[in-house]
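Architecture at a glance
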Amino acid sequence: MRVLVVEDESVLADAIAEWLRREAFAVDVAYDGGAALDRLGVHAYDVVVLDRDLPVVHGDDVCRSIVDSGGQSRVLMLTAAAAVRERVAGLALGADDYLPKPFAMVELSARVHALTRRTRPAAPPRLSRRGVLVDPARREVYRDGRYVALSRKEFAVLAELLRADGAVVSAEELLDRAWDEHIDPFTNVVRVTVMKLRRKLGDPPVIETVPGVGYQIP
């Protein structure tokens, strides 16, 4: 799942990004509305955490642009104004949710998780295939009943493969969904992560390589 955090207070923006990365989201950060529009023109985001009072391009205009694009991005709007009329105005612009400052990171995280469930077709609470069970809510993985400890990126890649329901997922798609924009597009990190996943999940192997196309759990 890919999230864009747009917040001009750099300390807060970086703190939000770090918190969400700990929960296996791929997170990009923009510190003004202009930079946000640039990133939105390049990447498809599941959720945009958007501060309303932004420099360069106001958050209201960024929100309008997201809505007018017809894309699937959900908007969680942040603002220091807690008045009801402010929340109503934000929602009227097309924002999907609204969170006044100050807020608890755990609440922001819960709201982002809720919005991602609206972005994609409903998935079962647990993902299961070929003896592999992933519980996204608890961030737990089991292979034939045996608990498997995974890193955040390994967990994210495995979850994406299971969500594909047997279809092939390309390395580029995995890179886009599990890593942020700073990752080198020519890196072999996906291949290395899949190799580690295979070793940790054990035999018989469940992740197959489709040469020249990607990976799948058939």
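Residues numbered from 1 in each chain as written. Predicted model: local features only at pLDDT ≥ 70, side-chain atom pairs only at ≥ 80, totals over all residues. Heavy atoms only, no water.

Per an unreviewed UniProt entry, the chain carries the name Response regulator transcription factor and comes from Polymorphospora lycopeni.

**What to know about the overall build of the chain**
Per the secondary structure count, the chain includes 8 helices and 11 strands. Relative to the compact-globule value of 17 Å for 218 residues, the chain shows a C-alpha radius of gyration of 18 Å, a close match. In terms of overall dimensions, the chain has C-alpha extents of about 55 × 35 × 30 Å along its principal axes. Within the chain, buried positions represent 44% of all 218 residues. Across the chain, every contact between residues at least 6 apart in sequence was considered, and the portion connecting residues at least 24 apart equals 58%. With an accessible surface of roughly 10700 Å², the chain has 53% of that area assigned to carbon and sulfur atoms. Charged side chains of the chain number 30 positive and 33 negative; the gap between the two group centres comes to 7 Å. (Helix = DSSP H or I, 4+ residues; strand = E, 2+ residues; numbered from the N terminus. Rg over C-alpha atoms; globule rule 2.2 N^0.38 Å. Buried < 20%, exposed > 50% of the residue type's maximum accessible area, 1.4 Å probe, protein only. Contact = heavy atoms within 4.5 Å. Areas by Shrake-Rupley, 256 points an atom, 1.4 Å probe, with all protein chains shown as cover. Lys, Arg positive; Asp, Glu negative; His and termini not counted. Charge placed at Lys NZ, Arg CZ, Asp CG, Glu CD.)

**Examining the nonpolar core**
Counting residues in each nonpolar core, the largest one holds 28 residues, and the members touching the most others are Leu-158 and Ile-207. Among the elements that take part in this core, helix 6 (residues 152–163) stands out by supplying 7 residues, more than any other. Setting aside residues no more than four positions away along its own chain, Ile-207 makes contact with Leu-161, Val-194, Leu-197, Arg-198, Leu-201, Tyr-215, Gln-216 and Ile-217. Formed by 21 residues, the second largest nonpolar core is a distinct cluster that contains Met-1, Val-5, Leu-12 and Val-47. (Core = buried A, V, L, I, M, F, W, Y, C linked by side-chain atoms within 4.5 Å.)

**Some remarks on the packing of aromatic side chains**
Under the definition given, this model contains 1 aromatic pair. With centroids separated by 5.7 Å and ring planes inclined at 70 degrees, the aromatic side chains of Tyr-142 and Tyr-147 adopt a geometry described as edge-to-face. Exposure remark for Tyr-142: the relative accessible area of 25% places this residue in the partly exposed category. Judged by its relative accessible area of 47%, Tyr-147 is partly exposed. Here Arg-139 stacks its cationic end above the ring of Phe-155, 4.4 Å away from the centre of that ring. (Phe/Tyr/Trp six-rings, centres within 6.5 Å; stacked < 30°, edge-to-face > 60°. Lys NZ or Arg CZ within 6 Å of the ring centre and 35° of its normal.)

**Things to note about the sheet that holds strand 8 (residues 140–143)**
Across the sheet, 4 strands lie side by side as 6-7-8-9; this open sheet has antiparallel pairing. Of all strands in the sheet, those with a lone pairing partner are strand 6 (127–129) and strand 9 (146–147), marking the two edges. One ladder, built from 4 bridges, connects strand 7 (residues 132–135) with strand 8; its direction is antiparallel. Across the sheet, Val-134 pairs through a bridge with Val-141, a residue of strand 8. In the packing of helix 6 onto the sheet, the strands contacted are strand 6, strand 7 and strand 8, and the crossing angle to strand 7 comes to about 110 degrees. (Pairing = 2+ DSSP bridges. Axes fitted to C-alpha atoms, helices over the stretch in contact; angles between N-to-C directions.)

**Here we look at the sheet that holds strand 3 (residues 47–51)**
As summarised here, the arrangement of the 5 strands in space is 2-1-3-4-5, forming an open sheet in which the pairing is parallel. Of all strands in the sheet, those bounded by a partner on one side alone are strand 2 (26–30) and strand 5 (97–100). The sheet shows a mean angle of 20 degrees between the axes of neighbouring strands, direction not considered. Bridge count between strand 1 (residues 2–6) and strand 3: 4 bridges; the pairing is parallel. Bridging from a neighbouring strand, Val-5 pairs with Val-49 of strand 3.

**Some words on helix 1 (residues 10–21)**
For helix 1, which comprises 12 residues, the first-to-last C-alpha distance of 16 Å matches the rise-based estimate of 16 Å (1.5 Å per residue) to within 8%. Taken as a whole, helix 1 has its buried residues at Leu-12, Ala-13, Ile-16, Ala-17 and Leu-20. Seen from one end, helix 1 has its buried residues packed into an arc of 135 degrees, which puts them on one side. (Expected span 1.5 Å × (residues − 1). Arc of directions from axis to C-beta.)

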